[in-house]
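# Breakdown of the fold
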Amino acid sequence: MADISADFLGIKSPNPFWLASAPPTDKKVNVLRAFEAGWGGVVWKTLGSQIKNVSSRYSSVDYHGSRMMGFNNIELISDRPLDLNLKEIRECVRLFPDRAMIVSLMADNNRESWHELIKQVEDTGAHGLELNFGCPHGMTERGMGAAVGQDPEIARMVVEWVMEAATIPVITKLTPNVHSVVPTGRAAVQAGSDALSLINTIQSVTGVNLDTFVPNPNVGGQSTFGGYCGPAVKPIALKMLTTISQDPVTSRVPVSGIGGITTWKDAVEFMLLGATTLQVCTAAMKYGFRIIEDMCEGLNNWMDEKGFKTINDFIGKSVPTLTHWEELDINYHIVANINQEKCIHCGLCYISCEDGSHQAINLSYGNPYNTYAIKEDECVGCNLCKLVCPVDNCITMVEQRKGPEYLNWKEFQRRGLPLNDH
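Residues numbered from 1 in each chain as written. Predicted model: local features only at pLDDT ≥ 70, side-chain atom pairs only at ≥ 80, totals over all residues. Heavy atoms only, no water.

- The protein chain goes by dihydrouracil dehydrogenase (NAD(+)) in an unreviewed UniProt entry, where it is assigned to Chitinophaga tropicalis.
- Turning to the protein chain, the UniProt annotation filed under Function (unreviewed entry) states: "Involved in pyrimidine base degradation. Catalyzes physiologically the reduction of uracil to 5,6-dihydrouracil (DHU) by using NADH as a specific cosubstrate. It also catalyzes the reverse reaction and the reduction of thymine to 5,6-dihydrothymine (DHT)."
- Regarding the protein chain, the relevant UniProt record gives this comment under Sequence similarities (unreviewed entry): "Belongs to the dihydropyrimidine dehydrogenase family." (UniProt positions renumbered as here; feature names shortened; annotations may be inferred.)

Written out as structure tokens, the structure reads:
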């Protein structure tokens, strides 16, 4: 069997799956149940000056009968007393010394507050600190959370304060509510942060109630922008993770990946793009802690199938395959092929191609059903028909190169080659 254990800055865990800083990690009873279920680690819900939360706190986007495709929250950091949190962290570390215990922090905006909070947390025996520079609601109005993460120089200053006091590994959590995560990531690494984690939640409005006219979630007839997460944000998280993995500065430190991870396949995708550990929140809130069993089993089986002995064998393996558009091979060309034996004659491919793409599918009216065939000369290989087809492998894409050599856009222009004439 493959070895799925993780070593993140010397913090060891039996698997790379951690629960992210969120309601599932806000108290001892939750964390112990998570560890008993098999989770490799947790990031304790953010500690700082005690706050007061509101009700209600959550909303979601459902899609085609699937609940919580996207999940929104307006909950703030821990509303429990600091002393109680510290006591429970210490107890969890004692009971499960083989699991990663990371504590998320958001101190008041001065050096002394950060130093004091760090010392208190380190006294619990916690293995690492995660700096919450990402919370997009509530705390930003106080100059904290995403307000720090959106300004690289402020982030740099706070990380420098932290590194003056910290004696255990420090992870800086980045906000996605920026044009690029790289500038703040660079600032954090240059200031001494040992690692990065991303993404935090994306500021959002999930919808408006058409009867009350109040956006969700409704708090006494009002609402506010919340933090969006869940499966809907995974593509954004993967893109931002890749930019960190490709940058010469930020790629020097390990990354904990976050953003819509629900299955072991999601986790592998994050690891292929550079993440060493994976943080999960929405999936655990929806399905419960026992999803860890499928995650570990799936990862183990996939690694065995591919011949990987440890997770380090494939972390970052896909990063070099993501390039700039102008570097793509213009001579590479594919066309669609419809397997008539598998076709159920629903016509979805024809409708999507005819109305939304390149009119490259021929419709033959028939009795008892219509048939569809690809016009190869018109097909641009866009994949739309394959994506909408409800039958697996009914439509496949077949390579038909336009030329034998690799030719990118820059070289195409340099040679003065002709563009399309229609």
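Further notes follow.
## A closer look at the domain arrangement of the protein chain
- Segmentation of the protein chain into domains returns domain 1 (6-321) and domain 2 (325-414).
- Between the C-alpha centres of domain 1 and domain 2 there is a distance of 40 Å. (Domains from an automatic or database assignment.)

## Details of the nonpolar core
- Ranked by size, the top nonpolar core spans 82 residues in total, and within it Trp-39, Met-101 and Phe-314 carry the most contacts.
- A total of 7 residues in this core trace back to one element, the largest contributor, which is helix α10 (residues 291-306).
- Beyond its immediate sequence surroundings of up to four residues, Met-101 is in contact with Val-31, Phe-35, Val-42, Trp-44, Ile-89, Cys-92, Val-93, Ala-126, His-127 and Gly-128.
- Listed in part, the 16 residues of the second largest apolar core include Ala-336, Ala-360, Leu-363 and Cys-389. (Core = buried A, V, L, I, M, F, W, Y, C linked by side-chain atoms within 4.5 Å. Buried < 20%, exposed > 50% of the residue type's maximum accessible area, 1.4 Å probe, protein only. Helix = DSSP H or I, 4+ residues; strand = E, 2+ residues; numbered from the N terminus. Contact = heavy atoms within 4.5 Å.)

## Digging into the sheet that holds strand β11 (residues 202-204)
- Sheet architecture is open: 4 strands sit in the order β5-β6-β12-β11, paired in antiparallel fashion. Edge positions in the sheet fall to β5 (58-63) and β11, since each has one partner strand and no second. Pairwise comparison of adjacent strand axes, ignoring direction, gives a mean angle of 45° for this sheet.
- Judged from the 5 bridges that link them, β5 and strand β6 (residues 66-73) form a sheet pairing that is antiparallel. Within the sheet, the bridge partner assigned to Ser-60 lies in β6 and is Phe-71. (Pairing = 2+ DSSP bridges. Axes fitted to C-alpha atoms, helices over the stretch in contact; angles between N-to-C directions.)

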